[in-house]
Structure formats: C-alpha cells, structure tokens
Amino acid sequence: MTAEETLKTPILEMHGITKHFPGVLANDQVDLQLYPGEILALLGENGAGKSTLMNILVGLYRPDKGEIFVRGQRVEIDSPRDAAALGIGMIHQNFMLVPTMTVAENIILGVQDLPFVPNMEEVCRRVRELSERYNLQVDPDAYIWQLSVGEQQRVEILKLVYRGAEILILDEPTAVLTPQESQELARILKVMLTEGKSAIFITHKMEEVMEFSDWVRVLRQGKLVAIEKTAETSPQELAQMMVGREVLFHLEKQACVPGAEVLELRNVASNDDKGLPALKGVSLTICGGEVLGIAGVAGNGQRELAEVVTGLRKVTQGEVLIRGKAMTNKSPLEVIREGVSYIPADRIGVGVVGNMAVADNLVMKGYRQAPLGEGGVLHPRQILAFARQLIEAFRIATPTPQTRIKFLSGGNIQKAILAREIDACHGLIVAAYPSRGLDVGATEAVRKLLLKQRDDGKAVMLISEDLEELFSVADRILVLFEGQVMGVVPAAEADTESLGLMMAGIRQAS
Amino acid sequence: MHFLFEKRQSISRGALVLVPVISFFVSLILGGILLAVSGADPFATYAAMARGAFGSWRNFSETLVKAIPLMLTGLGVSIAFKMQFWNIGAEGQLTLGGVVAAWVALFVSQGLPETMVLPAALLLGMAAGALWAGIPAVLKAYIGVDETLTTLMLNYVAILLSEHLYYGPWRDPNGYGFPGSAQFPVSAWLPRLGNTRAHLGLIFALIAATLLWFIFNRTRWGFELRIIGENKTAARYLGIQIARNIVLALLLSGALSGLAGACEVTAISRRMQQGLSIGYGYTAIIVAWMAQLNPFAVPFVAILMAALLVGGDQVQIMMGLPSAVGTVLQGMILFPMLAGTLFTEYRLRIITPRKSASLEPSTQEVSQ
C-alpha cells in the first residue's frame with residue numbers, strides 16, 4: 001500500500017466473499033475495497049462473477065462465506081432494504097422503473113418512511129433541487145414511458161441520491177447509452193465524486209475502465225485475478241488478464257486439411273435486440289475440416305453472428321450461404337435441415353429444457369426422424385436406447401436418462417448439448433463459449449470433441465473469449481470489434497499481444 | 001427473527017400431490033368455519049353434501065351429469081395452460097359449441113340423414129369452440145394480444161349471442177312465452193346412460209383424456225408442445241414453429257369445450273335455453289389446476305367439483321341452507337391451492353438474528 005492510500009479509510013470492504021450456485025463457484029474468496037470519492041471498475045467476462053458479487057452487496061444474495069464492512073462496521077445485508085439503509089444503491093442493467101408512473105412517483109416508490117399520503121409537491125421540489133445540483137435535467141412530472149433510455153438512467157441515479165445513497169453500483173451502465181449519453185454520465189459521476197460519494201462500475205469493456213475508473217479489479221471465473229490502478233495499466237494488459245493466459249493443457253492437433261467451403265458470409269449486417277447495429281458488414285468463410293475461431297470481447301457482435309448463421313436473427317443486409325446455397329433469413333428449422341448445429345452460449349436458458357428428462361433433451365434434434373419417431377408418433381424405447389448410447393459415448397454423468405436435466409452439473413449439461421448437436425450435425429457446428437464456466441476436465445473434453453468434428457471434415461465456428469482455447473483449437477482466428485472484422489490470422493502465427501490490440505479496436509494489416 | 005422464502009433447487013414431488021389434497025381439506029375447514037358462523041352444523045352439512053353427491057346411484061349419476069362438462073372443459077383449458085396460454089374462455093367456447101349444435105339440431109337436421117344429425121351437431125359444436133379459442137390464439141401468437149382479455153371478452157359475446165337467440169329468433173312459438181327454443185328432433189338426442197341423465201359425454205371425456213395423454217407423451221407434436229410450454233427460447237432454437245403450434249393446441253383446447261357445450265344441449269336440455277352453463281368454463285380453471293394439468297387426474301377432480309355443486313343443491317333441500325355453499329367451497333379450494341403451489345417451488349426458512357455473529361469480526365480482525 002502506498003502512503004496515499006493508508007491515509008484514506010475505505011468506505012466499503014468485502015473480505016473473502018464466496019458464493020456457490022449449483023455446479024458453479026460464482027465467487028471464490030473475493031476481496032474488494034472502495035474508497036470515498038473514487039470509482040472502482042469491476043472488470044470481467046460474462047459469468048466471471050461480477051454481478052453475483054454486487055448482488056451480494058445489495059442483499060439479493062447471501063454469501064456462503066465472507067464479511068462485509070461499511071464505514072469500518074461489520075454488516076449483515078439481508079435485503080435491498082438493508083443495503084439502502086447503509087447507503088448502498090444499485091442501478092441494474094434493466095431499469096427498475098414503472099413506465100406508467102411519473103418520475104417523482106418512481107423516485108419515492110419503496111422509500112421506507114413515506115407518509116401515507118406523500119406530499120408530491122415537496123417531493124418534486126427536492127427532485128428538482130437534486131436534479132439541478134448534479135445537472136441531471138429530469139422533469140419530475142414526466143412519465144417514464146416518455147423518457148429516452150439515457151433519461152431513464154438519470155431517473156435511476158436520482159432515485160439513489162434521493163434516498164441518500166453514498167455508494168452507487170452501476171451494472172454495465174453504458175451498454176444502453178449512445179456515446180454522447182455515456183459522456184454525460186461520466187460528467188454526472190464526476191460531480192458526485194467531488195461530494196465524497198463513490199461508485200462501483202461493472203463492465204467488460206476496457207475503454208470504459210480507462211474512461212471512468214480510478215481503480216480496477218479484474219475477476220475471472222469467480223476469482224480476483226488483478227488489482228490495478230487505472231492510470232498504471234493499459235487496455236491490452238486488462239484484456240489479457242480478463243481472458244486469462246494460463247495454459248490448461250496441450251491438445252494434440254493434426255494439420256488442417258481444409259475441404260470445400262461450407263459457410264460463407266458476405267457483407268452481413270444485423271441489429272441487436274435493441275435494434276442497434278450489431279454486425280456491420282461481416283464477411284467470412286469456413287471450410288470443411290477447419291475451425292474458425294471468433295475472438296473478441298463479449299458484446300462485440302458474437303452473439304448476433306452466431307444467431308445470424310443459425311437463422312435465429314434476421315439479416316438486414318448481405319448474404320449467408322451454406323455450401324453455396326442461399327440461406328439468408330431462412331428459418332431455424334431450414335438451417336437445422338442443412339445440417340447446422342448450434343451450441344448456444346446460454347446453456348440453461350436456450351440449450352436445454354430444464355424440466356424435461358435428459359433423454360428428452362438428447363432427442364430434441366433427432367425426434368423428427370426415424371427411428372426415434374415415425375409418422376408423428378414417438379418410440380419411447382428407441383428414444384431411451386438412443387439416449388443411453390449418447391450418455392455412454394459422451395460420458396454424461398446422470399443418475400438415469402429420466403432425470404430432469406436441470407439437476408445435472410454445468411459440465412454434464414454442456415456434454416448433453418454437445419452430444420445432441422454433434423449427433424445431429426452434418427456440415428457446420430457453431431459453438432458459442434462452449435467451455436465457459438466448466439472445470440478443466442470438462443473443458444478438455446469439449447475441446448477434443450470439437451477438434452474431432454473438424455478432423456471428421458465438419459466446419460466449426462468457435463466463438464470464445466479465451467485466447468488459449470482459440471490458440472489450441474482454432475485454425476484461423478477472426479477478431480470482432482464493434483460488429484466489424486478487425487482481422488483474420490492463422491492460429492499458428494497469432495500472438496496474444498496482436499490479438500489483444502485487435503480486440504481493443506486497433507485494426508491490423510493482415 | 002424473520003421468515004425467508006427460498007427457491008427450492010428441485011420441485012418437490014411430494015408437494016405436487018399433497019398440495020391439492022391438503023388444499024381441499026383446508027378449504028373444507030374454512031368452509032366449516034363459515035357454516036358454523038352462519039349457524040349450521042358443519043359436520044352435518046358436509047355429511048348431507050356427501051350423501052347428496054354420492055349417497056345413491058341416482059345421486060351419483062347427477063354428480064356425473066355436472067362432472068362431464070367439467071371434465072371436457074378441464075381437459076381443454078389444461079392443454080392451453082400447458083402452453084402457458086391463459087385461456088379463461090372455456091365458458092364462451094362451451095356456449096358457442098352449444099349454440100352451433102343447437103343450430104344443427106333445429107335448422108339443419110331436416111336436410112340430413114337421421115344417423116348424421118348427431119355427429120354433425122357434435123362436430124360442428126367442436127368446430128365452433130375451436131374457432132372461439134382460435135381467434136385469441138391467432139391474435140396472441142402472431143401479434144401478441146393479451147389472451148386473458150380476449151378469451152374473457154369472447155365469453156360475453158358467446159353468452160349474449162345465445163341469449164339473443166333463445167329470447168328472440170329461436171324462441172319456440174308454442175313455448176307459452178318461455179325463453180327457449182323448441183325441443184330438438186329425437187335424431188339429435190345424445191344417448192343417456194341407462195335411465196339416468198348421465199350421457200355419452202362421459203365416454204367422450206375419458207377418450208379425450210387418454211388421447212391427450214397419448215398426444216403429450218407419445219407424439220412428435222406433443223413433444224414440441226411440451227418444449228414450447230417449458231421454454232419458448234429453447235423451442236425457437238430447436239427449430240420448432242411456436243406460433244403455429246400455439247394456434248393448433250388452442251384449436252384442440254376450444255374444441256373440447258365446444259364438445260362440452262354440444263353434449264349439454266343434445267343430452268340434457270335437448271333444446272336451447274337458459275342455464276346451458278352454470279359456470280363450468282370457469283370451474284374448469286380450478287379443475288385444471290387441481291389436476292396439475294394431468295389429463296388422467298382431470299376426471300377425478302371434475303367429479304369432486306361436481307359433487308360440491310350437487311351436494312350444495314342437496315344442502316339447500318335438506319337443511320335449508322343456500323345452495324351457494326357448494327360454490328363457495330369450490331372457490332375456497334383455489335386459495336389454499338395457489339398458496340400451496342408456493343411450497344412446491346419454495347421452502348420457508350426461519351432466520352433468527354445471529355447475536356454471536358457480531359463478535360466474530362473482532363476475533364477475525366485480530367487474527368489477520
């Protein structure tokens with residue numbers, strides 16, 4: 001610790017926070033210190049445990065282990081109400097506002113010591129006062145539905161300062177904002193810091209860390225991997241720490257023998273769920289017997305890329321071709337019929353139906369054909385035999401084939417998805433973060449399976465944030481940044497530094 | 001000390017069975033209190049109700065008469081509920097099924113061979129129910145219109161249409177001014193079982209229950225419906241056509257309610273008149289939930305619900321209490337049911353303040 005830090009006492013400290021979810025260690029002995037008047041950035045990939053840690057802080061989750069100190073006092077935070085009483089407030093990614101109510105009404109919703117009939121004039125006056133003090137420019141009488149996303153966020157901020165929050169937690173606050181609104185937010189936060197408030201900023205974008213924060217803590221797979229002073233680090237360094245460089249194991253990889261072209265994207269553009277451009281003119285090809293790795297920090301168009309190829313998302317411009325056949329904006333079923341398999345990033349929400357049996361989940365691609373089903377009728381015995389075969393071949397650890405799949409571990413759920421998708425595949429596999437959150441053994445199994453598909457002549461698109469995974473599995477690596485291709489390099493020639501630069505948006509000549 | 005509801009990591013199977021059973025008894029207790037307050041002996045009343053509903057073959061057959069439409073509509077809405085489509089329009093689907101079956105019996109039967117009259121009435125009644133559920137299904141599946149509103153509103157349309165018909169154009173000129181149509185020709189009568197009023201609808205309901213079980217557990221379509229009901233995102237990713245399947249499922253849902261209505265007019269009243277439905281379509285919602293959407297449980301729950309209705313009538317005759325006692329009990333079952341489902345997914349944890357916990361940090365700090 002430097003002399004400067006020891007002078008200040010942290011307003012907030014978290015010690016050894018550990019939180020288990022079924023099959024996942026979301027936080028593993030995480031420490032955190034926040035000083036008054038400073039912004040701490042919490043950097044990490046999706047699933048690194050940032051949100052879990054913050055949800056513990058606001059009382060939505062209870063930690064399995066660990067302690068929290070606020071202003072030097074040990075505290076137990078059992079509910080958001082407890083957190084609010086301690087001056088801790090969170091602005092969630094999805095705003096918690098009631099659209100049919102006014103700004104002022106939203107601000108006093110849930111305030112504890114509210115009189116039975118609130119004096120709305122008094123509330124509005126205070127809202128105006130606060131709004132002026134921080135230059136928030138919000139009309140207390142406007143209805144939420146009338147406001148832009150940026151204005152709604154300002155209401156969320158007002159809500160917190162109205163309740164006297166001293167510690168503001170912002171969960172990816174700029175994800176929904178235009179660049180101008182982001183700058184506005186930075187300015188508002190600066191004013192608040194001068195008053196001694198402090199903020200924790202959850203993000204996976206390096207630029208934001210550099211722009212907003214004083215300190216940065218990097219989380220990876222639930223563990224705290226680095227504490228840096230923002231001024232003394234660089235986006236490239238942060239990118240490397242975030243995705244990790246540890247070598248898990250060495251994969252035997254045969255030389256790539258590319259066959260015929262399987263997938264081609266020509267100048268493809270598409271929008272994200274909010275209707276903002278997510279892919280901006282992406283062109284790429286993948287041949288049979290080849291793995292194309294897609295590198296990039298999450299949220300730069302990877303998800304949209306996978307969905308465009310699998311027919312789940314509309315293309316606004318450009319063409320998708322599979323084996324030369326035009327597949328632009330075809331339905332998911334038509335894409336499946338072309339032999340395209342997809343291993344989605346969201347295993348539980350998209351990949352499986354949690355309440356249905358492992359066997360049912362394993363046949364969710366094959367049930368359309370004999371021998372599993374004929375003339376619309378399913379054959380339970382054949383289904384069971386087929387499921388047993390896959391469970392055996394892919395070493396899925398399940399008590400019985402009838403067990404509901406949500407009771408399996410994350411690794412086994414992923415193996416079940418892989419089993420189903422690989423079995424149904426004849427041509428192309430799109431795998432999004434296939435080893436994310438898995439332990440070393442399951443990770444190795446997943447990577448070996450993907451390589452085997454490639455050796456069998458299939459084309460593989462591997463989307464990953466883990467550079468080590470891309471180096472060991474991919475044949476070529478394509479880097480996406482803000483929906484654009486920053487470059488494509490052969491995996492054998494790629495190095496972390498140049499990829500890191502491209503991931504940070506610096507284009508390479510290739 | 002305070003209480004905390006924690007989400008269970010697995011749905012409790014025991015609770016799945018126990019919750020409906022316990023809720024039934026809780027509602028009996030609540031109803032008992034109500035009876036005691038209004039000055040009646042709860043035990044005597046319940047005994048009278050049980051005798052009224054099950055005391056003799058004749059009484060039981062009357063219970064079946066009310067159970068048959070509950071079975072058919074209960075099966076119908078449980079299909080919709082499995083898809084997470086909140087079809088509360090079984091009442092209207094039933095009514096319209098009755099209206100169309102009556103139309104066939106009254107105005108089309110002359111032009112048909114005698115053996116065709118009844119099948120035509122039942123099938124067109126089913127088609128009418130399917131249409132009445134299909135409209136909200138199409139609106140929901142393709143443009144996202146909230147189905148609770150549309151299905152509920154269409155109830156009033158169907159009910160008012162039926163009233164208009166038997167008060168107006170269909171009123172029997174020889175009916176001494178009573179609202180109601182003329183009696184149907186014998187060719188349009190649905191056979192009754194023995195010399196009771198229970199009818200072939202019972203067989204239809206049992207066939208429908210078996211068919212639904214088969215569809216959901218043994219067919220490709222049912223498999224797709226189950227996936228859609230459980231996880232729409234996964235269904236889309238698996239290439240399943242969600243909108244089309246929701247519409248098809250709702251056509252089946254409405255057809256069963258339509259069949260209930262067609263059976264009512266052709267077997268019980270044998271004319272179009274007031275009292276076609278006594279809220280069967282709404283009670284069906286309770287039936288479906290209590291049966292946990294299991295088609296084989298629906299007939300049993302329907303009989304239980306019908307017993308409350310018939311028993312309520314008996315209480316009125318024998319003990320001079322309002323017959324609404326049965327309806328009140330029916331309604332009361334739903335409250336413990338809804339409260340009880342909480343326990344299938346959550347468990348209650350009692351948290352006592354940890355006095356000793358405040359001492360921990362100091363010792364920890366020393367050790368650091």
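Up top is the structure these notes are about.
Residues numbered from 1 in each chain as written. Chains lettered and ligands numbered in written order. Predicted model: local features only at pLDDT ≥ 70, side-chain atom pairs only at ≥ 80, totals over all residues.

J.: How do you make sense of the overall build of chain B when you look at a structure like this?
T.: In terms of regular secondary structure, chain B is built from 14 helices and two strands. The burial tally for chain B puts 48% of its 368 residues in the buried class. Partitioning the intrachain contacts of chain B with sequence separation of at least 6 by distance along the chain shows that 78% fall at a separation of at least 24. (Helix = DSSP H or I, 4+ residues; strand = E, 2+ residues; numbered from the N terminus. Buried ≥ 20, exposed ≤ 12 C-beta atoms within 10 Å, placed from the backbone. Contact = placed C-beta atoms within 7 Å.)

J.: How should the nonpolar core be read in this particular structure?
T.: When a protein is soluble and globular, its nonpolar side chains tend to lie buried together. A:Val430, A:Leu462 and B:Val287 are the most contacted members of the largest nonpolar core, which has 262 residues in total. Counting residues per element, this core draws most heavily on helix α10 (residues 242–269) of chain B, which supplies 15 residues. With residues up to four places along the chain from it excluded, the contact list for B:Val287 reads B:Leu70, B:Gly74, B:Val298, B:Val301, B:Ala302 and B:Met305. (Core = buried A, V, L, I, M, F, W, Y, C linked by C-beta atoms within 7 Å.)

J.: What exactly am I supposed to notice about the interface of chain A and chain B here?
T.: When the parts of a complex come together, some accessible area is lost, and that lost area is often used as the size of the interface. On the chain B side, the residues contacting the 25 residues of chain A number 20 residues. For the side of chain A that touches chain B, the elements supplying multiple residues, two or more each, are α11 (332–337), α12 (347–351) and β18 (377–378) of chain A. The dominant element in the side of chain A that touches chain B, judged by the number of residues it contributes, is α11(A), at three residues. Grouping the amino acids of the side of chain A that touches chain B by side-chain chemistry returns 16 nonpolar, four polar and five charged. (Nonpolar A, V, L, I, M, F, W, Y, C, P; charged D, E, K, R; others polar.)

J.: I'm lost on the sheet that holds strand β2 (residues 24–34) of chain A in this one. Help?
T.: Consider a sheet: its strands pair through backbone hydrogen bonds, and that pairing is either parallel or antiparallel. Residue and element names in this part refer to chain A. Across the sheet, four strands lie side by side as β2-β1-β4-β5; this open sheet has antiparallel pairing. Every other strand in the sheet has two partners, leaving β2 and β5 (73–75) as the edge strands with one partner each. Strand-to-strand twist of the sheet, defined as the mean angle between neighbouring strand axes without regard to direction, takes the value 30°. Across five bridges, strand β1 (residues 12–21) lies against strand β4 (residues 65–70) in antiparallel orientation. (Pairing = 2+ DSSP bridges. Axes fitted to C-alpha atoms, helices over the stretch in contact; angles between N-to-C directions.)

J.: I would appreciate a short explanation of the sheet that holds strand β12 (residues 277–287) of chain A in the present structure.
T.: All names here are of chain A. Taken together, four strands build an open sheet; the order of strands is β12-β11-β14-β15 and the sheet is antiparallel. In this open sheet, the two edge strands, each paired with only one partner strand, are β12 and β15 (325–326). Two strands pair when backbone bridges link them, and strand β14 (residues 317–322) and β15 are joined in this way by two bridges, in the antiparallel orientation. Counterpart to Leu 321 in the pairing with β15 is Ala 326. The sheet contacts of helix α10 (residues 302–309) involve β11 (261–271), β12 and β14, and relative to β12 the element is tilted by about 60°.

J.: Sorry, what's going on with unusual backbone geometry here?
T.: For residues besides glycine, phi is generally negative; the peptide bonds are generally trans as well. All names here are of chain A. Of note, Arg 395 is a non-glycine position whose phi angle comes to about 50°, a positive value. Tracing the backbone through its elements, the reader meets Arg 395 in the loop between α14 (380–393) and α15 (410–424). Judged by the 11 C-beta atoms lying within 10 Å of it, Arg 395 is exposed. Phi is positive for Glu 482, close to 45°, though the residue is something other than glycine. Following the sequence through the fold, Glu 482 ends up in the loop between β21 (476–481) and β22 (484–490). Judged by local crowding, Glu 482 falls into the partly exposed class, with 15 C-beta atoms found within 10 Å.

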